[in-house]
Amino acid sequence: GRNNSGYYPARLGQSFERGRLCVVRKLGWGQYSSVWLARDKEKSRFVALKILTCDATKALSEPEQRSDELSLLRKIADSDPSHPGFPHNIAYLDFFDFLGPHGSHRCVITEVLGYNLNYIRRHKGDGDLRVQPSLVKCVVKQVLKGLEYLHDVCGIVHADIKHDNILFRPADIEAVATHELATKPSMTYDCGTELRPSTIPVVSQALPLSTDPLIDDKIIKERDFVVVISDFGHSHWRHRHFQEIIQPSALRAPEVILGYKWDTPADIWNVGCIVTELLVGSWLFEPNVEKHWGYEEDHLARMTEALDCSFDVDFLAKCEHRNKFFQPSGVYSDWSLAHFEKHLEPTRQIDDLLRSYSLLQDASQIKAAERFILRCLRLIPGERTTAKELADDPWLA
Ligand code: ATP
Ligand code: MG
Ligand code: MG
């Protein structure tokens, strides 16, 4: 029967590419893929297999609908390996297409990485989703380097910068993987041993490599990792967009909602959102559908609330969807959100959030973090600071 999800039902011990690649364990999954640890027997190394759902493969024939992950990854791999931002993007190795029971799949082969940022927040064991400011700074610095390379060298907008797409690269992944496989045999398949098909277990549980209950402490103390941007499944060329609606809805930049030409500053908006979220331990924007206004209008209003400013009239004039959200107000001389203004809560401003909820120690640290975040969260995309400039922000020094 056809499975609706379109995920390929991979099995531990299964081989691909005429026996060259052997599936060892599941590493993760997302909306469009499952990701597997595999042994490349020819090259004697571990690799990650991102097996796209068959829907995703089918949609590849409609290039304007879906991003072309493969050509973007190739561009990233080939552009300038000597650039300081190069190591902060996932290393692409190869790809192949194959036929499964539900249709054809594309499999992208990349380097193996460790935890994603979301996993680190959720598995500290104390239910506190805040991350130590020193670790946040260390992560953000590297993400900005990676973005500088994507934006300035490759001409790519990532468009999906969020916690689960930021991964850690341990110093010696071969050692980590080998140790893991030796200590968690029930989750893995030892590719040295031949098993009869009936004894090969099916796994559905995903587990990142180097699982450790003390990960947060350990990472802060050892700092023996590189932060890597991954998942180019929703990315775009700066000058050729596959679609105009980008980004997870709660992280969506104002220009995307308002129908203004978006570009690399859209990624910087996401950086501002995720930095705030890592520091305060909750979403920055959680828009709702309300009785008198919709999700997007709520979102735009919450932006003006958090940033304590309103949308510029000249900017709005250039936005295709202005009239969906704004109307000339009889009271004010400029354009204002049609329904919302009276309901804003000034307590949701960035400095207030940082003061009330973050682990930042003193007033000067709070001020510095707020300045950094506000450089990322300018409502007009052209006013946002670039990745290259942000890497030198005093807060990160
Ligand atoms: P999304 O729903 O975010 O679009 P996706 O289907 O595009 O997801 P990815 O985000 O690339 O897939 O991968 C899904 C998850 O698998 C990641 O969040 C990560 O935890 C894990 N993962 C992906 N690539 C690797 C890798 N190279 N090494 C280790 N784990 C990985
Ligand atoms: Mg992802
Ligand atoms: Mg994706």
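Quantities reported herein were computed from a predicted structural model and do not represent experimental measurements.

S.K.: Just to check I follow, could you spell out the overall build of the protein chain for this structure?
M.R.: Assigned secondary structure in the protein chain consists of 14 helices and 12 strands. The proportion of buried residues among the 397 residues of the protein chain is 42%. Within the protein chain, contacts between residues at least 6 apart in sequence are counted, and of these 69% link residues at least 24 apart.

S.K.: Just to check I follow, could you spell out the site of ligand 1 for this structure?
M.R.: As a matter of local geometry, ligand 1 sits amid 21 residues, with Gly28, Gly30, Gln31, Ser33 and Ala48 nearest to it. When contributions to the shell around ligand 1 are tallied by element, the ones reaching two or more residues are strand 2 (21-30), strand 3 (33-40) and strand 4 (45-52). Broken down by class, the residue content of the shell around ligand 1 amounts to 9 nonpolar, 9 polar and 3 charged.

S.K.: Hey, could you run me through helix 9 (residues 295-307) in this one?
M.R.: In an α-helix, one turn spans 3.6 residues, which is why side chains three or four residues apart end up on the same side. Given a rise of 1.5 Å per residue, 13 residues ought to cover 18 Å, and the 18 Å separating the end C-alpha atoms of helix 9 matches this to within 8%. Among the residues making up helix 9, those that are buried are Glu297, Asp298, Leu300, Ala301, Arg302, Met303 and Ala306.

S.K.: Got a minute to help me understand the sheet that holds strand 2 in this structure?
M.R.: The pairing of strands in a sheet comes from backbone hydrogen bonds and takes either a parallel or an antiparallel form. Pairing is antiparallel in the open sheet, where 6 strands are placed in the order 1-2-3-4-6-5. The open sheet has two edge strands, strand 1 (15-16) and strand 5 (92-100), and neither has a second partner. Sheet analysis places strand 3 next to strand 4, joined by 8 bridges and oriented antiparallel. By the bridge assignment, Ser33 is partnered in strand 4 with Leu52. Along the sheet face, helix 2 (residues 69-78) touches strand 5 and strand 6 (103-110) and points at about 160° away from the line of strand 5. Lying over the sheet, helix 5 (residues 173-183) contacts strand 2, strand 3 and strand 4, oriented at roughly 80° with respect to strand 4.

S.K.: I would appreciate a short explanation of the confidence of the model for the protein chain in the present structure.
M.R.: Any region with low pLDDT has predicted coordinates that should not be read closely. On average, residues of the protein chain score 85 in pLDDT, and 81% of them reach the 70 mark or higher. This complex was scored by the predictor with a pTM of 0.91 and an ipTM of 0.98.

S.K.: Would you mind showing me how to read the packing of helix 8 (residues 265-280) against helix 13 (residues 363-376) here?
M.R.: In helix packing, the relevant descriptors are the interaxial angle and the interaxial distance, both defined with respect to the helix axes. Interaxial distance between helix 8 and helix 13 falls to 7 Å at its minimum, and their mutual angle equals 150°. Between helix 8 and helix 13, the crossing angle belongs to the class labelled roughly antiparallel. Taken together, the residues of helix 13 that come into contact with helix 8 (itself represented by Ile268, Trp269, Val271, Gly272, Val275, Thr276 and Leu279) are Ala369, Ile373 and Cys376. Its residues placed into classes, the contact of helix 8 with helix 13 shows 8 nonpolar, 2 polar and no charged.

S.K.: Could you clarify how one ought to interpret the pairing of strand 3 in this entry?
M.R.: The two faces of a sheet get side chains in turn, since along a regular strand they alternate between them. In terms of burial, strand 3 is a largely internal element, 7 of the 8 residues being buried. Where strand 2 meets strand 3, 8 bridges bridge the pair, whose relative direction is antiparallel. When the sheet's bridge partners are listed, Lys26 is paired in strand 3 with Trp36. Between strand 2 and the antiparallel strand that follows it, strand 3, lie 2 residues. Counting the residues between successive antiparallel strands, the hairpin from strand 3 to strand 4 contains 4 residues, one of them, Ser44, with a positive phi of roughly 50°.

S.K.: Just to check I follow, could you spell out the nonpolar core for this structure?
M.R.: Nonpolar side chains in soluble globular proteins tend to be buried together. Of all hydrophobic cores here, the largest spans 100 residues; its most connected members are Trp36, Leu37, Leu49 and Val143. If one sorts the elements of this core by residue count, helix 8 sits on top with 10 residues. Setting aside residues no more than four positions away along its own chain, Leu49 makes contact with Leu21, Val35, Trp36, Ala38, Cys107 and Ile109.

S.K.: Where do I start with the UniProt feature "binding site: ATP" (unreviewed entry) in the protein chain in this structure?
M.R.: UniProt annotation of "binding site: ATP" (unreviewed entry) refers to Lys50 when read in the numbering used here. Mapping Lys50 onto the fold places it in strand 4. Those residues in contact with Lys50, other than ones at most four positions away along the chain, are Ser33, Val35, Cys107, Val108 and Thr110.

Procedures and definitions
- Residues numbered from 1 in each chain as written.
- Chains lettered and ligands numbered in written order.
- Predicted model: local features only at pLDDT ≥ 70, side-chain atom pairs only at ≥ 80, totals over all residues.
- Helix = DSSP H or I, 4+ residues; strand = E, 2+ residues; numbered from the N terminus.
- Buried ≥ 20, exposed ≤ 12 C-beta atoms within 10 Å, placed from the backbone.
- Contact = placed C-beta atoms within 7 Å.
- Near = placed C-beta within 6 Å.
- Nonpolar A, V, L, I, M, F, W, Y, C, P; charged D, E, K, R; others polar.
- Expected span 1.5 Å × (residues − 1).
- Pairing = 2+ DSSP bridges.
- Axes fitted to C-alpha atoms, helices over the stretch in contact; angles between N-to-C directions.
- pLDDT = per-residue confidence, 0-100.
- Parallel < 35°, antiparallel > 145°, perpendicular 65-115°, else oblique.
- Core = buried A, V, L, I, M, F, W, Y, C linked by C-beta atoms within 7 Å.
- UniProt positions renumbered as here; feature names shortened; annotations may be inferred.

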